[in-house]
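One letter stands for each residue in the lines below.
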Amino acid sequence: MATDIIRILMRNEIELESIIEDYLKGKLTPREIEAFEQLRANDPAVDHKVVTHKVFLDSLQQYAEILALKEQMNHAHESLDVSYLTEQFRPHPSFVVNLWRKNKALIAVAASFIFLASLSVYSIQHNTKQNGSYEVMKKEVASIKNSQNRLIRNINSSRVQKENINPGRFGGTGFALSSNGYLCTNFHVIDGADSIYVQNNKGKSFKVKVVFSDPQYDLAILKIDDENFSALASLPYRLKKDNIGMGENVYTLGFPKDDAVLGEGYVSSNTGYNGDTTAYQVSIPVNPGNSGGPLLDNNGNIIGAITAKQNQADGAAFAIKSQYIMEALNAIPQDSIGSRITSVGKKNVLKGLHRTKQIEKIQDYVFMIKVYN
């Protein structure tokens, strides 16, 4: 009954934001809290909104504290008689001269100590900041931006078919969601592209178009739009509907270079960067070009798509969960895509196979993404 009450209240986004704020501020009744927490557990989208809103409220609180501190400091400064204090406590020139003459050696040692201490503090702060942040991996010709570690590689040197006049500038990885040419990759891989091509494991390229993009979850659905493309065989894998356990072995296939590269590891956390519930943290070494690659469990189920890695933390990579890939597919209007997407992996033929056999079967369904702009 309490769950029904919460759902009735959440008839639109504004009411949902209001309920989330009341929940975070402790204004809901115990019965409403229990119902809302059950709703969070059953609806990942609501849970993600709660996490996002908490970060927003914390930022507002920090900003308010900074403003209050500034106001206190300004008030204290205004109450000081600076001219009087300067006159009272200013040392006489002769005192400074005598102090320097008598203590030159001590002052030199103290200055050296202060300099070394400052240098050490700066080094510690700098390293701490790097270890706790994302590094942009989207390589451009002249610069590398900051704030997020996007695993896009510069593919100026990659093989491109003769019909493409300009080489691709950026690259990533994508994987098939259907036999008729629908693919999944990251939004940041194709963001700002003038044209996009994909290349299969045999080196053949096809032009694609973007049919859906979701910057919030960093997902994009592409459709191969090329007369030379022939439908794929039935997908050997399927999208996993529920979460995978921490410690379970996983692997990915991607294109940090012109050939597919295997990365193996395990799920190290059921949440991503800063507790993001929409992503996993996995202990897999990934590099620019791995963005958008499939993340699979031992049974060959796709549990997510590689998105990023943490700077200066070996093997700390992140992957958006497969539930959000399903949401992206469901969000595509059928009248906008022209034809119905075939079922995503009704049957998983990879289960029980050795890892090498699994890779042999999925290679035809993993593509290199080439972005032109």
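A quick note: this is a predicted structure, and the numbers were derived from the prediction, not measured. (Residues numbered from 1 in each chain as written. Predicted model: local features only at pLDDT ≥ 70, side-chain atom pairs only at ≥ 80, totals over all residues. Heavy atoms only, no water.)

## Examining the pattern of salt bridges
For step 1, the next point in the chain: Inspection of the entire model under this criterion finds 5 salt bridges.
For step 2, the next point in the chain: For Lys202, the salt bridge goes to Asp364, with nearest N and O atoms at 3.3 Å. One end of the pair, Lys202, is in the loop between strand S6 (195–199) and strand S7 (205–214); the other, Asp364, is in the loop between helix H11 (355–362) and strand S15 (366–372), with 162 residues separating them in the sequence.
For step 3, the next point in the chain: What makes Asp364 partly exposed here is its relative accessible area of 32%.
For step 4, the next point in the chain: Residue Glu360 pairs with Lys357 through a salt bridge whose shortest N-O separation is 4.0 Å. (Salt bridge = Lys/Arg side-chain N within 4 Å of Asp/Glu carboxyl O. Helix = DSSP H or I, 4+ residues; strand = E, 2+ residues; numbered from the N terminus. Buried < 20%, exposed > 50% of the residue type's maximum accessible area, 1.4 Å probe, protein only.)

## Some words on the environment of Asp314
For step 1, the next point in the chain: Considering the arrangement of structural elements, one finds Asp314 in the loop between strand S13 (302–309) and strand S14 (316–321).
For step 2, the next point in the chain: A sequence separation of 30 residues divides Asp314 from Ile284, and the C-alpha atoms of the two residues are 8.4 Å apart.

## A closer look at the nonpolar core
Nonpolar side chains in soluble globular proteins generally cluster together in the buried interior.
For step 1, the next point in the chain: Judged by nonpolar contacts, the single largest core of 48 residues is most densely connected at Ile190, Ile221 and Tyr237.
For step 2, the next point in the chain: Those residues within four positions of Ile221 in sequence are excluded, and the remaining contacts are Leu177, Tyr182, Leu183, Cys184, Lys209, Val210, Val211, Phe212, Ala328 and Ile332.
For step 3, the next point in the chain: The next biggest cluster of nonpolar side chains, apart from the first, holds 12 residues, and it includes Val250, Ile303, Ala317 and Ala319. (Core = buried A, V, L, I, M, F, W, Y, C linked by side-chain atoms within 4.5 Å. Contact = heavy atoms within 4.5 Å.)

## A short note on the side chain of Asn180
For step 1, the next point in the chain: As for its placement among the helices and strands, Asn180 is situated in the loop between strand S4 (170–176) and strand S5 (182–185).
For step 2, the next point in the chain: One polar contact links Asn180 to Ser178, side chain to side chain, over a distance of 2.4 Å. (Polar contact = N/O pair within 3.5 Å; in protein donor to acceptor, adjacent residues only side chain to side chain.)

## A short note on the packing of aromatic side chains
Within a pair of aromatic rings, the relevant descriptors are the distance that separates the centres and the angle that separates the planes.
For step 1, the next point in the chain: Counted according to the given criterion, the structure contains 6 aromatic pairs.
For step 2, the next point in the chain: With a centroid separation of 5.5 Å and 75 degrees between ring planes, the pair formed by Tyr197 and Tyr372 is classed as edge-to-face. Residue Tyr197 is found in strand S6, and its partner Tyr372 is found in strand S15; the two are separated by 175 residues along the sequence. For the pair Tyr197 and Tyr372, a shared accessibility class is recorded, and that class is buried.
For step 3, the next point in the chain: Taking 6.1 Å as the distance between ring centres and 75 degrees as the angle between the ring planes, the aromatic pair formed by Tyr273 and Phe318 counts as edge-to-face. Remark: Phe318 occurs in strand S14 and Tyr273 occurs in the loop between strand S10 (261–269) and strand S11 (279–283); sequence separation between them is 45 residues. (Phe/Tyr/Trp six-rings, centres within 6.5 Å; stacked < 30°, edge-to-face > 60°.)

## Considering the sheet that holds S11
For step 1, the next point in the chain: If you trace the 6 strands once around the closed barrel, you get S9-S10-S11-S14-S13-S12, paired in antiparallel fashion. Strand-to-strand, the axes of this sheet are offset by a mean angle of 45 degrees, without reference to chain direction.
For step 2, the next point in the chain: The sheet strands contacting helix H9 (residues 322–330) are S13 and S14, and the helix crosses S14 at an angle near 40 degrees.
For step 3, the next point in the chain: Docked against the sheet, H11 engages strand S9 (249–254), S10 and strand S12 (294–297), running at close to 35 degrees with respect to S9. (Pairing = 2+ DSSP bridges. Axes fitted to C-alpha atoms, helices over the stretch in contact; angles between N-to-C directions.)

## Some details on helix H3 (residues 30–42)
For step 1, the next point in the chain: With 13 residues, H3 extends 19 Å between its outermost C-alpha atoms, agreeing within 8% with the 18 Å of an ideal straight helix rising 1.5 Å per residue.
For step 2, the next point in the chain: Every buried residue belonging to H3 is among Ala35, Phe36 and Leu39, and all of these are buried. Viewed end-on, H3 has its buried residues packed into an arc of 95 degrees, placing them on one side of the element. Away from its buried face by more than 90 degrees, H3 exposes Pro30, Glu34 and Ala41. (Expected span 1.5 Å × (residues − 1). Arc of directions from axis to C-beta.)

## Some details on unusual backbone geometry
For step 1, the next point in the chain: Despite not being glycine, Asp218 has its phi angle at roughly 55 degrees, a positive value.
For step 2, the next point in the chain: By secondary structure assignment, the location of Asp218 is in the loop between S7 and strand S8 (219–224).
For step 3, the next point in the chain: Asp218 sits in the buried class, given a relative accessible area of 7%.
For step 4, the next point in the chain: Positive phi, close to 60 degrees, is recorded for Asn274, a residue that is not glycine.
For step 5, the next point in the chain: Relative to the elements of secondary structure, Asn274 occurs in the loop between S10 and S11.

In short, shape yes, function no, at least from these values alone.
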